[in-house]
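Observations on the three-dimensional arrangement
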Amino acid sequence: MIITESKLREIVLDEFRKTIFQEGLRHHYVNRIPVHESIYRVGSPCYFNVIKQARDFYKKGLYEVVNEEEKHILENTNLGEWVTINGEEIPLDFPMFVDETLDEAKKKKKKDPPIGKPMRNSGSGKKYKVYVKNPKTGRIKMITYGDAKGGLKGGWNSAEARKSFAARHNCAEKKDRTKAGYWACRAHKDFGPGIGRFW
């Protein structure tokens, strides 16, 4: 078998490529897999590294593209390259799928408070608080109620005091859960020791 000079050059170049290409790019080259069909997870460091290597060697005439799409990526994009913006490394020409705005992301970080569960208010103002959802708007709001200096505590164990409070504040008429009066009329049940009934 006679080996021509061009064939010999091709064999030597092939072996040279296999030697200088790092493992990932070598696998793509040997198996004729275009770099955009990466053997690595998309977005991983190895994914970007293989594409960057392929472009560098392509510019030197050492890497041969498999198809037009791979040629386009290596010639017309900066995929595999990175820039630093505000101290953060950002990949170039890499689609980043963002499903929410920054404000939405911030809101999501804050867990929704428990709805309709009265609790002691650790902030300033009224003694108790409860989060409710407005049925018309769907928005959550915080309602505070109860005298910060003591509230109903003194009369919770007295049926007569509870009845008097209910009469003064028209508790039987309080049906709107988005109003402080509704919750104030039920504070003895929510916070009173062992009181499991309403007025």
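That block above? That's the structure.
The structure reproduced in this document is the subject of the present report. Bear in mind the structure is a predicted one, so any value in this text is a computation, not a measurement.

In this section: the pattern of salt bridges. For the structure on display, the rule yields five salt bridges. With a shortest N-O distance of 3.3 Å, Arg 17 and Glu 64 are connected by a salt bridge. Highlighted residues: Arg 17 in helix 1 (residues 5-20) and Glu 64 in the loop between helix 3 (45-59) and helix 4 (68-76), separated in sequence by 47 residues. By relative accessible area, Arg 17 is classed as buried at 5%. Lys 52 is the partner of Asp 56 in a salt bridge, and the nearest nitrogen-oxygen pair spans 3.3 Å.

A few words on the sheet that holds strand 3 (residues 119-120). Consider a sheet: its strands pair through backbone hydrogen bonds, and that pairing is either parallel or antiparallel. Read from one edge of the open sheet, three strands run 3-4-5, paired in antiparallel fashion. Pairing within the sheet leaves two strands with one partner each, and these edge strands are strand 3 and strand 5 (140-145). Sheet topology note: the strand 3/strand 4 (residues 128-133) ladder contains two bridges and is antiparallel. Paired with Met 119 across the two strands is Lys 129, which belongs to strand 4.

So, on to unusual backbone geometry. Although it is not a glycine, Asn 86 adopts a positive phi angle of roughly 50°. Tracing the chain through its elements places Asn 86 in the loop between strand 1 (82-85) and strand 2 (88-91). Under the relative-accessibility criterion, Asn 86 is labelled exposed at 81%. For Asn 170, which is not a glycine, the phi torsion comes out positive at approximately 50°. Along the chain, Asn 170 turns up in the loop between helix 6 (159-168) and helix 7 (180-184).

Moving on, we get to the nonpolar core. If you look at the biggest cluster of nonpolar residues, it comprises 16 residues, and the most contacted ones within it are Leu 25, Val 35, Ile 51, Tyr 63 and Leu 79. When residues of this core are traced back to their parent elements, those giving at least two are helix 2 (23-30), helix 3 and helix 4. Among the elements that take part in this core, helix 3 stands out by supplying six residues, more than any other. Once residues lying within four places of it in the same chain are set aside, the contact partners of Leu 25 are Val 35, Val 50, Gln 53, Ala 54, Phe 57 and Tyr 63. Formed by 10 residues, the second largest nonpolar core is a distinct cluster that contains Val 132, Tyr 182, Ala 187 and Phe 191.

This next bit is on the packing of helix 1 against helix 2. The contact between helix 1 and helix 2 brings their axes to 8 Å, and the two run at 145°. On helix 2, the residues touching Asp 14, Arg 17, Lys 18 and Thr 19 of helix 1 are Arg 26, Tyr 29 and Val 30. Considered class by class, the residues forming the contact of helix 1 with helix 2 number two nonpolar, one polar and four charged.

Cut-offs applied
- Residues numbered from 1 in each chain as written.
- Predicted model: local features only at pLDDT ≥ 70, side-chain atom pairs only at ≥ 80, totals over all residues.
- Heavy atoms only, no water.
- Salt bridge = Lys/Arg side-chain N within 4 Å of Asp/Glu carboxyl O.
- Helix = DSSP H or I, 4+ residues; strand = E, 2+ residues; numbered from the N terminus.
- Buried < 20%, exposed > 50% of the residue type's maximum accessible area, 1.4 Å probe, protein only.
- Pairing = 2+ DSSP bridges.
- Core = buried A, V, L, I, M, F, W, Y, C linked by side-chain atoms within 4.5 Å.
- Contact = heavy atoms within 4.5 Å.
- Axes fitted to C-alpha atoms, helices over the stretch in contact; angles between N-to-C directions.
- Nonpolar A, V, L, I, M, F, W, Y, C, P; charged D, E, K, R; others polar.

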